[in-house]
Amino acid sequence: MDGWVISDIRRDVLKLIVLERHKGTGRIGRGLVRGFGLRKGALASSVAHDSHNLIAVGVENRDLLTAVEEVRRMGGGLVATEEKGSCKGSA
C-alpha cells in the first residue's frame, strides 16, 4: 500500500513496536509478528523481562498509539484496546 506496512489479520500478521524508555534515546523498534490472533485492537505492556521497555502489538496504528498512551498515562502496566479509542488497563 504505497510503502506503508499494514497488518494482515487474515494471515495473523500484526504490527509490533518496542519503545526504549529508560535512557531517553527515542529508539523505536518496528516489526511484524504472527500468532497473537488479534482481529482488532492492540495489546501494550511495560512489563517485559530484562528490559522493561514498552512493547505493543496491534492491528492498526491508532490502536497501537491508544494502547501505548494508556500505559504511559497509568505510569506502567498492561493494556488491551477493545475498539478504536477504548482501553482496559491494569497497572
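Data block above holds the structure.
Residues numbered from 1 in each chain as written. Predicted model: local features only at pLDDT ≥ 70, side-chain atom pairs only at ≥ 80, totals over all residues. Heavy atoms only, no water.

Trainee: Let's hear about the environment of G75: which residues, and what values?
Mentor: Here G75 lies in the loop between α1 (61-74) and β5 (78-83). Given a relative accessible area of 65%, G75 falls into the exposed group. Sequence separation of G75 and S46 is 29 residues, and the distance between their C-alpha atoms is 9.0 Å. (Helix = DSSP H or I, 4+ residues; strand = E, 2+ residues; numbered from the N terminus. Buried < 20%, exposed > 50% of the residue type's maximum accessible area, 1.4 Å probe, protein only.)

Trainee: Can you lay out α1 for me, pointing to particular residues and giving the numbers?
Mentor: With 14 residues, α1 should reach 20 Å at 1.5 Å per residue; the first-to-last C-alpha distance of 20 Å fits that figure. By the burial criterion, the buried members of α1 are D63, L64, T66, A67, V68, E70 and V71. (Expected span 1.5 Å × (residues − 1).)

Trainee: So what about the environment of V5? Which residues, and what values?
Mentor: Among the structural elements, V5 can be located in the segment before β1 (13-19). Between the C-alpha atom of V5 and that of L32, which follows or precedes it by 27 residues, the distance is 9.0 Å. When near neighbours in sequence (up to four residues on either side) are disregarded, V5 contacts K15 and L32. (Contact = heavy atoms within 4.5 Å.)

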